Amino acid sequence: MTHGGNNIGRVGILSHVEHHPGSYEIANIRDSRGNVFATRLSNVMVIGEGKKPLISLPKAKGIKLSLIEERDQRFARNAESEDDE
């Protein structure tokens, strides 16, 4: 789980750590959708083993949606609330 930087809140499996002497170590992480993202190793916190977290995760399970997917979810929620009225 990342707890800093632009990828804050994302959850995935640590796949590789790049060591850069005199600079930051970079962690490459793969989420459950197959997307790979990179962040500083100091921004990463281990919360489990393999694919099983040892803590409970929020509803989205740390998966970052694209802007289009976020928009579609927002429209769907608005449509449901309008149907209820």
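Everything numeric here is computed off the predicted structure, so don't read it as measured data.

> Hey, could you go over the sheet that holds strand β2 (residues 26-30) for me, with residue numbers and the actual values?
Taken together, 3 strands build an open sheet; the order of strands is β1-β2-β3 and the sheet is antiparallel. Each edge of the open sheet is held by one strand with a lone partner, namely β1 (13-18) and β3 (36-40). When strand polarity is set aside, the average angle formed by the axes of neighbouring strands in this sheet is 30°.

> I'd love a proper account of the layout of surface pockets, names of residues and values included.
Looking at the largest pocket, its volume works out to about 450 Å³. Together, 22 residues line the largest pocket, and V11, G12, I13, G50 and K51 are the ones closest to its centre. Mapped by element, the contributors of at least two residues to the lining of the largest pocket are β1, β2, β4 (48-49) and β5 (52-53). Its residues assigned to classes, the lining of the largest pocket shows 12 nonpolar, 4 polar and 6 charged.

Criteria and cut-off values
- Residues numbered from 1 in each chain as written.
- Predicted model: local features only at pLDDT ≥ 70, side-chain atom pairs only at ≥ 80, totals over all residues.
- Heavy atoms only, no water.
- Pairing = 2+ DSSP bridges.
- Helix = DSSP H or I, 4+ residues; strand = E, 2+ residues; numbered from the N terminus.
- Axes fitted to C-alpha atoms, helices over the stretch in contact; angles between N-to-C directions.
- 1 Å grid on protein atoms, 1.4 Å probe; cavity = no way out; pocket = protein on both sides within 12 Å on 5 of 7 lines; lining within 4 Å.
- Points joined across faces, edges and corners; volume = space filled by probe spheres on them.
- Nonpolar A, V, L, I, M, F, W, Y, C, P; charged D, E, K, R; others polar.

Everything listed is a geometric property; what it means functionally is a separate question.
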